[in-house]
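# Observations on the three-dimensional arrangement
As a plain string of letters, each chain reads:
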Amino acid sequence: MRTAALVAAVALLAGCSGQEGERTEGEEAQGATMDLTLVEQFEQARETATSDFEREVLDRAIENGEISAEDYEEAFSRYQRCAQDAGLAESYERQADGIYRISPSPFEDDAASQRYQDLSLECADGTTMRIEALYRTQISNPGLLEDTREVTLQCLVEAGLVPADYTVEELHESFRAGFEDAPFDPMDPTAQECLVRGGYNVEITDESS
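Residues numbered from 1 in each chain as written. Predicted model: local features only at pLDDT ≥ 70, side-chain atom pairs only at ≥ 80, totals over all residues. Heavy atoms only, no water.

In the nomenclature of an unreviewed UniProt entry, the protein chain corresponds to Lipoprotein from the organism Marinactinospora rubrisoli.

### Remarks on the state of the cysteines
Counted by the stated rule, this structure contains two disulfides. Cys82 shares a disulfide with Cys123; S-S distance 2.1 Å. Across the S-S bond of Cys82 and Cys123 the torsion is about -70°, and the bridge reads as left-handed. Of this pair, Cys82 sits in helix 5 (residues 69-85) while Cys123 sits in helix 6 (residues 110-124), and the two are 41 residues apart along the sequence. Assessed through its relative accessible area of 30%, Cys82 is described here as partly exposed. The class of Cys123 is buried, set by a relative accessible area of 4%. Here Cys155 connects covalently by a disulfide to Cys194, the sulfurs 2.0 Å from one another. Measuring the twist about the S-S bond at about -65°, one finds the Cys155-Cys194 disulfide to be left-handed. With Cys155 in helix 8 (residues 148-158) and Cys194 in helix 10 (residues 189-197), this pair connects stretches of sequence that are 39 residues apart. (Disulfide = S-S within 2.5 Å. Helix = DSSP H or I, 4+ residues; strand = E, 2+ residues; numbered from the N terminus. Buried < 20%, exposed > 50% of the residue type's maximum accessible area, 1.4 Å probe, protein only.)

### Focus on the nonpolar core
Ranked by internal contacts, the top residues of the largest apolar core, which has 26 residues, are Phe42, Ile67 and Tyr79. Element by element, the count of residues in this core is highest for helix 5, at five residues. Residues in contact with Ile67, not counting those within four places in the same chain, are Phe42, Val57, Ala61, Tyr72, Ile131, Leu134, Tyr135 and Gln138. Counting residues in hydrophobic clusters, the runner-up holds 14 residues, among them Tyr166, Val168, Phe184 and Cys194. (Core = buried A, V, L, I, M, F, W, Y, C linked by side-chain atoms within 4.5 Å. Contact = heavy atoms within 4.5 Å.)

Here is the structure:
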């Protein structure tokens with residue numbers, strides 16, 4: 001059975017777990033974040049950083065107004081070393097925008113899947129978790145003038161992958177449903193580019209039914 005494994009930037013992922021019709025704390029936090037300048041978001045992330053490395057990167061970002069590509073590369077390198085030391089089976093692809101896409105190997109069972117999620121989260125905390133989310137925002141929506149979902153929607157419409165009347169709400173519902181009924185293939189290279197711009201990372205995995 002073909003299923004979608006969905007990963008998103010931290011703020012976006014936090015907003016996808018509540019009951020339909022409710023505004024979760026994560027969604028409220030995301031909305032509040034969208035009202036901040038990029039530097040203010042760096043300052044906010046600095047307050048919750050869990051490693052000296054993160055704090056150093058964010059201090060530089062606050063001073064310079066952006067996270068450097070070199071700092072993002074170092075953050076990912078630290079995550080990768082941690083993942084390899086933990087025995088996680090992953091492959092990595094550097095996308096056109098410089099963000100790395102992580103693809104885990106198939107899981108033997110639910111326990112293996114949960115173990116992977118726990119260990120990968122541990123490795124991301126203090127390395128890529130906050131830095132990648134902010135770096136993604138920086139390169140995809142530097143002016144912070146639009147909801148990142150609007151950025152994705154506009155890209156999909158311009159690429160002819162969705163009709164002009166397709167809405168942000170439909171896009172987000174498709175995301176929550178694993179894009180099973182979406183009017184586009186989430187693994188299409190152009191669709192992938194559009195989704196990455198808005199902080200969505202989508203992988204398709206094959207599982208036996």
